[in-house]
Number of protein chains: 4
Amino acid sequence: MSSNFGQNIKLSVFGESHGSAIGCIIDGLPAGFELDMEKIYFEMARRAPGKDKTATPRLEKDIPIILSGVIDNITTGAPLAMEIENSNTKSGDYSNLMSVPRPSHSDYPAYVKYNGNNDIRGGGHFSGRLTAPIVFAGAVAKQILEQKGITVGAHIKSISDVSDKGFDMAEVTAKQLKDVSSKAFAVIDNDVEDKMRQAVEEARLSLDSVGGVIECAAVGLPVGIGSNIFSTVESKLASILFAIPAVKGVEFGAGFDIAAMHGSQANDPYSVKDGRVFIEKNNNGGVLGGMTSGAPIIVRAAIKPTPSISQEQKSVNLQTMEEETLVIKGRHDPCIVPRAVPVIEAAVAFGLLDLMM
Amino acid sequence: MSSNFGQNIKLSVFGESHGSAIGCIIDGLPAGFELDMEKIYFEMARRAPGKDKTATPRLEKDIPIILSGVIDNITTGAPLAMEIENSNTKSGDYSNLMSVPRPSHSDYPAYVKYNGNNDIRGGGHFSGRLTAPIVFAGAVAKQILEQKGITVGAHIKSISDVSDKGFDMAEVTAKQLKDVSSKAFAVIDNDVEDKMRQAVEEARLSLDSVGGVIECAAVGLPVGIGSNIFSTVESKLASILFAIPAVKGVEFGAGFDIAAMHGSQANDPYSVKDGRVFIEKNNNGGVLGGMTSGAPIIVRAAIKPTPSISQEQKSVNLQTMEEETLVIKGRHDPCIVPRAVPVIEAAVAFGLLDLMM
Amino acid sequence: MSSNFGQNIKLSVFGESHGSAIGCIIDGLPAGFELDMEKIYFEMARRAPGKDKTATPRLEKDIPIILSGVIDNITTGAPLAMEIENSNTKSGDYSNLMSVPRPSHSDYPAYVKYNGNNDIRGGGHFSGRLTAPIVFAGAVAKQILEQKGITVGAHIKSISDVSDKGFDMAEVTAKQLKDVSSKAFAVIDNDVEDKMRQAVEEARLSLDSVGGVIECAAVGLPVGIGSNIFSTVESKLASILFAIPAVKGVEFGAGFDIAAMHGSQANDPYSVKDGRVFIEKNNNGGVLGGMTSGAPIIVRAAIKPTPSISQEQKSVNLQTMEEETLVIKGRHDPCIVPRAVPVIEAAVAFGLLDLMM
Amino acid sequence: MSSNFGQNIKLSVFGESHGSAIGCIIDGLPAGFELDMEKIYFEMARRAPGKDKTATPRLEKDIPIILSGVIDNITTGAPLAMEIENSNTKSGDYSNLMSVPRPSHSDYPAYVKYNGNNDIRGGGHFSGRLTAPIVFAGAVAKQILEQKGITVGAHIKSISDVSDKGFDMAEVTAKQLKDVSSKAFAVIDNDVEDKMRQAVEEARLSLDSVGGVIECAAVGLPVGIGSNIFSTVESKLASILFAIPAVKGVEFGAGFDIAAMHGSQANDPYSVKDGRVFIEKNNNGGVLGGMTSGAPIIVRAAIKPTPSISQEQKSVNLQTMEEETLVIKGRHDPCIVPRAVPVIEAAVAFGLLDLMM
């Protein structure tokens, strides 16, 4: 496994769901930056489970403990190492997964790849819990970006078949991003919250799960970050977004819809606004020729339904190579989309910071 | 600009559309591999323009000249360097683009980033012509993969609002991939070719352009390639696919559609087929936990309509900061999707080879 | 700061001398490898101070605590994270170093680079204490190499003007390497131990310090590891050896002496021994054309005298820009060479493992 | 083989001695920099053979042809690709080397590694001729560094047993560096030139060869470039210097001599000079804690005698595994040290530029 990301600022993530700790090293942070720890705790809490019925009842503290790189909340320039102790884990629940892989989980390829040596308790290193260090790193990145006048925010674009309004791709503002991403349930149109919750609850009651789409934006970026061919902004962001478990699609601006448009409809005209170049429509999602165009970055990620469902499922016993019916025990989120919002934000923020350093 | 890709096998691309040559270095190829140059020329020809009315009338030879790393068609283990000489370029066409950027092109951010120093003739290093070395590298990669029993193939999933059938995600075969990708017009359902061509022709006549979706598959991969977090198969492939100009979305398996499914519907059950584990549905597109699952890799890329259209467009004169109406002269593809098929295949093949070396 | 090393197996080191912990992440280890923790503790103890008068009286436990990547001493394939808690630190001693840099230490450039934000207590991230995680990583690497039939060992070639015998460059054996590197005082010729200790003691009594040369060898490597130009075995090993504080020179085989030889004298003839190619002399130190030649790797590192000496020294007050006499308080090794032996071994072992994975 | 170097500015080298061309791609250069092509040709000429009896009579033109990244001598920001056509090669001379490896050459490990597929004509990719693209890249780097007030220069410190004066490590100036490195025979003390030439001539007449030491310095660097642990200035420079064929040792400042000093003697006191911090002695060669100290960078590389000598040598026929006497035909430099001076300068310049971008 290679759990490293970044060219200019390096993130190395470690940990297994039921091991003694998870955490990360962030290498390449500027020295002398004052971290607002409260903001970091806030981001961690957004991702943490147990807040309401959309999430698993397992309680986690997720308090990040900084081991190096920071004195009195000021970065020293040395690698910032952080760990989160694991606790309150119920390892007994996962015993029958050793030989019968859960559908649409990492179990089967991990079994083959690691020859049975990988830690399967709670998904081990493949657990969604490993997104906690990413949220931590993103929370640090967001603060540094904020200082440069850049704001990153995301919302739930859809859960199951319930959709929120989208960002105004050409004109979304920093204030709008902060407002929506600080909501307990991150939707622009508050009226959809109940419908989304209901879709989740219905899935839960039918021992099923639902997925959704998260839309993220970044405003305030200078023009010309990134470059073409193998260092595009899209490549960098897609690369870190596809590191998040359950992401199966990534699109920018009009995304897949642009494929059915005509050029005259898809193209983003230039005009002048407040004495500066303004990009209308922004169907390109803030990226042209791989570089930031000055328009907001608009990126969407498709999140698959939680694969752990309590219904019976078809699987195969890898020892006997006979088909078996599997029932997954334990407690599972019927929908991880709300908790994934800060993870997507964190990934985008960290990806952008790496491009800008 | 950073035009490097790859961890284990490195691709470095160079060139400008109207410069003296374009080309690449591929570093890390195994020694002693016999290249089938005819197959390479065939892939180059698939990408080359001028074959029919879907493409620009500009004629290119695109003959790759190997400078090092190969003797008598056998790789030596040294870096394989290749160049393609540029010829038949009409530089005069682009003179008014210096200060008035073409909408949805790289012109504006490139102007800001490079302060007017970048080569703007024909798009310079941002030209779609730079995909020729990627096709070359992919053609080499495909041969090495083929020797390992892996086949990569793609087809036009849609152009404008005309759609082809999709691959059978769970059961697509190497033969099907070879068949479709060797067609002059790469569609599964031959009946859609005329409709697609008509959509392109209509766009051309109305001085407009159309986009589309390309679907690519790879079969024969062993289980367990790639790993979770920052080295997922999806991260690697998305990273190289978003290097291709005009790609605005990348999805795997059911992709964005999975977001609206229930887990019971989205999950891929395991069964036994011919004594081996078989993955039904394959909504995960052959990747679980970031690793290959043994099912076919299924990936789709959204291609935006060619931004160069002959209609009048709104832009801004960057010298005077006044709005201006722009008419782009020169010859342009009303649709690049057919020519992009081998580019997508090449990117997927090279990305997979890098993961496997 | 960038504290990452490795292409195929990645080492990321963190910590500050007087922070809460130091440690590392090793990413890319094979799964299913059984670690012998006793051997790891043994290597850590070799580096740990306080054993005798050549070292600082500060007592450290240096017990590595594994946070992830290992269950029941078996690697899981996930990143191996390790921390060592810091304790028994006397921070008060370093107060006057804030503005008056110690000669030949990192103080001055760190002050400029980090603008006063770096942790100066005990040298912070620049402390020799940060070699403990390198020894840990090297101890893991040595075990994996040992399984492949490769042995790495080092000895004190010289301290001050007292020299040990050198390895027989062409014929040194695994057994000889293990014997010398497991000695409490790693010299081949036991008779020089007393003379070396005496040189150190004399330096200590005169409030001074001494340096030395460490010679390291690796045997059992297959032919053809590494490659020419930018991936030579020498580049890789020099790169990690110069990461060790106090190393000011690195040479292979005959090293700097080869510059004064004639070709006829320097060249290593080939002969046949036990049916295999044998390389006589081995003035090239086991590396030809950047690749392993099959002969033992022979590498030497020059270690400068401990810059912290108790004599008065000339320095400058960076606040007032006036010259000042500095007296460094605290406890310091008059000679770090004996403790650096396992660090050099570790660096060579980790560098070789990275080349071989 | 991996022929890539650099983190921020990437150099990818290709070619084989008797192939159609050698060259490189430099990726990451700033846009808008005006190259002085005459200076580049001058550096190429310094490395080129055939000027006098110290070099091989083989005539090369070594004219670099720029393929992309430069218009009217101004960098465009796109990758700079360059090729040098090979000509005047006598391939017939090398026929008997296929199975009988030349002592102290890459032949034997390359034969094993590449299984006989590597190009052996003239050393193929292992040829010293591949240093020409490095000199080119270094010539570009030197110009960019010069613009930042940084000068790099080198001289022949010794050939065989004849030594030149060394640089004044604490006080060497840009002017001194430019003066010595522009000499036809780069020595500080002109009186040693004849003695060095005589040593080379004696070796030549006895069918032998000689090596030497090259000393390189860089002045004008800001304080704080590089960082500790795995990104030290020493690591970076040693890594690229050991990429040069024939380099067997690299040392900074007092280098290996520092190992025998006492700390009081080795330490570099600080004083104030012209209102700035001045580092006396500079035994650390301009690097403290892995960072530039503001004092001149002083680095020395040991060059082994040319392994191609015309005397009979002992070798082994790899087909028959029988010992054989080898006589190397063809024309060979009895001493490559004078021609290696610009190569060492180029490597140091490129390494420094990569650290500074």
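For the structure itself, look to the data block above.
Draft legend 1. Quick peek at the overall build of chain A. Check the secondary structure of chain A and you find eight helices and 18 strands. Whereas a compact globule of 357 residues would reach a radius of gyration of roughly 21 Å, chain A reaches 21 Å, a difference of no more than 12%. Overall, chain A is about 70 × 50 × 40 Å in size when its C-alpha atoms are taken along their principal axes. Looking at chain A as a whole, 67% of its 357 residues qualify as buried. Long-range pairs, those at least 24 residues apart, make up 72% of the contacts in chain A with a sequence separation of at least 6. Seen as two clouds, the 34 positive and the 42 negative side-chain charges of chain A have centres 1 Å apart.

Draft legend 2. The arrangement of the sheet that holds strand β4 (residues 65-68) of chain B in detail. Residues and elements named next belong to chain B. The antiparallel open sheet is built from five strands, whose spatial order is β1-β2-β3-β7-β4. Single-partner strands in this sheet number two, and they are β1 (4-5) and β4. Pairing between β1 and strand β2 (residues 10-15): two bridges, direction antiparallel. Pairing of Phe5 across the sheet is with Leu11, part of β2.

Draft legend 3. Looking closely at the interface of chain A and chain B. Taken together, the contact pairs 98 residues of chain A with 99 residues of chain B. Here chain A meets chain B over a buried area of about 7500 Å², counting both sides, of which 63% is carbon and sulfur. In this structure, the connection of chain A to chain B is made through four salt bridges. Here chain A is connected to chain B by 45 residue pairs in polar contact (both at pLDDT 80 or more). Taken together, the residues of the side of chain A that touches chain B break down into 50 nonpolar, 35 polar and 13 charged. As defined by bridge partners, strand β11 (residues 247-252) of chain A adjoins strand β11 (residues 247-252) of chain B across three bridges and the pair is classed as antiparallel. If you follow A:Glu251 over to β11(B), its bridge partner there is B:Gly249.

Draft legend 4. Main features of the state of the cysteines. Scanning all chains against the criterion turns up zero disulfides over all chains. Looking at the unpaired A:Cys24, the closest cysteine sulfur is the one in C:Cys24, lying at 15 Å. Distance from the sulfur of A:Cys335, which forms no disulfide, to the nearest cysteine sulfur (A:Cys216) is 17 Å.

Draft legend 5. Spotlight on the relation of the copies chain A and chain B. Expressed as a screw transformation, the operator carrying chain A onto chain B has a rotation angle of 180° and an axial translation of 0.0 Å, and the superposed copies differ by an RMSD of 0.0 Å. Here the transformation between the copies is reduced to the relation of a two-fold axis.

Draft legend 6. Region of interest: the pairing of β11(A). All names here are of chain A. Most of β11 sits inside the fold, with six of its six residues counted as buried. Pairing of β11 with strand β16 (residues 297-303), which is carried by five bridges, proceeds in the antiparallel orientation. In the sheet register, Val250 faces β16, and the bridge partner there is Ala301.

Draft legend 7. Expanded view of the sheet that holds strand β7 (residues 80-85) of chain C. The sheet built from five strands is open, its strands ordered β1-β2-β3-β7-β4 (chain C) with antiparallel pairing. The open sheet has two edge strands with one neighbour each: β1 (4-5) and β4 (65-68) of chain C.

Draft legend 8. Local environment of the packing of helix α3 (residues 131-147) of chain A against helix α8 (residues 337-356) of chain A. All names here are of chain A. Packing of α3 against α8 brings their axes to within 7 Å, and their N-to-C directions diverge by 55°. On the basis of the axis angle, α3 is oblique to α8. The hand of the α3/α8 crossing is left-handed. Contacts between α3 and α8 involve Thr131, Ile134, Val135, Ala137, Gly138, Ala141, Lys142, Ile144 and Leu145 on the former and, on the latter, Pro342, Val343, Glu345, Ala346, Ala347, Ala349, Phe350, Leu352, Leu353 and Met356. In the contact of α3 with α8, the residues fall into 15 nonpolar, two polar and two charged.

Draft legend 9. Structural context of the pairing of strand β3 (residues 21-27) of chain C. Residue and element names in this part refer to chain C. Within β3, seven of the seven residues are buried, which leaves it mostly tucked inside the rest of the structure. Residues Ala21, Gly23, Ile25 and Asp27 of β3 are buried on one face, and the alternating residues Ile22, Cys24 and Ile26, pointing to the opposite face, are buried as well. As defined by bridge partners, strand β2 (residues 10-15) adjoins β3 across six bridges and the pair is classed as antiparallel. Counterpart to Ser12 in the pairing with β3 is Ile25. Linking β2 back to β3 in an antiparallel pair, the connection comprises five residues.

Draft legend 10. Representation of helix α3 (residues 131-147) of chain B within the structure. Residue and element names in this part refer to chain B. Spanning 17 residues, α3 covers 24 Å between terminal C-alpha atoms, matching the ideal 24 Å at 1.5 Å per step. Along α3, 15 of the 17 residues are buried, which leaves the element largely enclosed by surrounding structure. Immediately beyond the C-terminal end of α3, within one or two residues, lies Gly149, with a positive phi of roughly 85°.

Draft legend 11. Layout of the environment of D:Ser308. Structurally, D:Ser308 is set in the loop between β16 (297-303) and β17 (313-317). A polar atom in the side chain of D:Ser308 sits 2.7 Å from the side chain of D:His105.

Draft legend 12. Representation of the nonpolar core within the structure. Counting 163 residues, the largest nonpolar core has C:Ile26, C:Phe136 and D:Ile26 as its most contacted members. Counting 162 residues, the second-largest nonpolar core is a separate cluster that includes A:Leu29, A:Phe252, B:Met196 and B:Val250.

Draft legend 13. Examining the pattern of salt bridges more closely. Evaluated as defined, the whole model comprises 76 salt bridges over all chains. For B:Arg121, the salt bridge identified is with B:Asp119, shortest N-O distance 2.9 Å. Each of A:Glu43, A:Arg46, A:Lys142 and A:Glu345 takes part in one network of salt bridges that share partners.

Draft legend 14. Representation of the side chain of C:Thr151 in the model. Residue and element names in this part refer to chain C. Relative to the elements of secondary structure, Thr151 occurs in strand β8 (residues 151-159). Using a relative accessible area of 4% as the deciding quantity, one classes Thr151 as buried. Apart from residues no more than four positions distant in its own chain, Thr151 is found in contact with Glu146, Ala174, Leu177, Lys178, Ala217, Ala218 and Val219.

Draft legend 15. Structural detail: the packing of aromatic side chains. Within the structure shown, the criterion is met by 22 aromatic pairs over all chains. The interplanar angle of 85° and the centroid separation of 5.3 Å between the aromatic rings of A:Phe252 and B:Phe242 together place this pair among those described as edge-to-face. Remark: B:Phe242 occurs in the loop between α6 (233-241) and β11 and A:Phe252 occurs in strand β11; the pair is interchain, linking two chains. Since its relative accessible area comes to 0%, A:Phe252 is described here as buried. Between C:Tyr108 and D:Tyr270, the ring centres sit 5.5 Å apart and the planes meet at 65°, which makes this aromatic pair edge-to-face. Here the residue C:Tyr108 occupies a position in helix α2 (residues 107-114), and D:Tyr270 occupies one in strand β12 (residues 270-273), the pair thus bridging two chains. Residues C:Tyr108 and D:Tyr270 agree in their burial class; the two are buried.

Draft legend 16. Region of interest: the side chain of A:Arg46. Residues and elements named next belong to chain A. If you trace the backbone, Arg46 turns up in helix α1 (residues 37-47). Overall, Arg46 belongs to the buried group, its relative accessible area being 9%. At 3.0 Å, the side chain of Arg46 and the backbone oxygen of Ser181 are in polar contact. Polar contacts involving the side chain of Arg46 include one to the side chain of Glu345, which spans 2.9 Å.

Draft legend 17. Spotlight on helix α5 (residues 191-205) of chain B. Residues and elements named next belong to chain B. Counted at 1.5 Å a residue, the expected span for α5 with its 15 residues is 21 Å, and the 22 Å between its end C-alpha atoms agrees. Regarding α5, the residues found buried are Val192, Met196, Ala199, Val200 and Ala203. Projected down its long axis, α5 shows its buried positions confined to an angular sector of 95°, all on one face. Among the exposed residues of α5, those pointing more than 90 degrees away from its buried face are Asp191, Asp194 and Leu205. On its buried side, α5 packs onto β8 (151-159) and β9 (162-163). One or two steps after α5, the chain reaches Leu207, where phi turns positive at roughly 55°.

Draft legend 18. Representation of unusual backbone geometry in the model. A positive phi angle, near 55°, is found at A:Met321, a position not held by glycine. Here A:Met321 shows up in the loop between β17 (313-317) and β18 (322-326). Positive phi, normally seen in glycine, also occurs at B:Asp274, with a value near 55°. Relative to the helices and strands, B:Asp274 is located in the loop between β12 (270-273) and β13 (276-279). Residue B:Asp274 is classed as exposed on the basis of its relative accessible area of 73%.

Draft legend 19. Spatial organisation of the environment of B:Gly153. Residues and elements named next belong to chain B. Mapped onto the elements of the fold, Gly153 is located in strand β8. Residues Gly153 and Asn115 lie 38 residues apart in sequence; the distance between their C-alpha atoms is 40 Å. If we ignore the near neighbours within four places in the chain, the residues touching Gly153 are Phe167, Leu177, Ser181, Glu215, Cys216, Ala217 and Glu345.

Reading the values: the criteria
- Residues numbered from 1 in each chain as written.
- Chains lettered and ligands numbered in written order.
- Predicted model: local features only at pLDDT ≥ 70, side-chain atom pairs only at ≥ 80, totals over all residues.
- Heavy atoms only, no water.
- Helix = DSSP H or I, 4+ residues; strand = E, 2+ residues; numbered from the N terminus.
- Rg over C-alpha atoms; globule rule 2.2 N^0.38 Å.
- Buried < 20%, exposed > 50% of the residue type's maximum accessible area, 1.4 Å probe, protein only.
- Contact = heavy atoms within 4.5 Å.
- Lys, Arg positive; Asp, Glu negative; His and termini not counted.
- Charge placed at Lys NZ, Arg CZ, Asp CG, Glu CD.
- Pairing = 2+ DSSP bridges.
- Buried area = accessible area lost by both parts, 1.4 Å probe.
- Salt bridge = Lys/Arg side-chain N within 4 Å of Asp/Glu carboxyl O.
- Polar contact = N/O pair within 3.5 Å; in protein donor to acceptor, adjacent residues only side chain to side chain.
- Nonpolar A, V, L, I, M, F, W, Y, C, P; charged D, E, K, R; others polar.
- Disulfide = S-S within 2.5 Å.
- Least-squares fit on C-alpha atoms with pLDDT ≥ 70 in both.
- Axes fitted to C-alpha atoms, helices over the stretch in contact; angles between N-to-C directions.
- Parallel < 35°, antiparallel > 145°, perpendicular 65-115°, else oblique.
- Left-handed = near helix turned anticlockwise from the far one by under 90°.
- Expected span 1.5 Å × (residues − 1).
- Core = buried A, V, L, I, M, F, W, Y, C linked by side-chain atoms within 4.5 Å.
- Phe/Tyr/Trp six-rings, centres within 6.5 Å; stacked < 30°, edge-to-face > 60°.
- Arc of directions from axis to C-beta.

Scope: geometric values only; no functional claims are made or implied.
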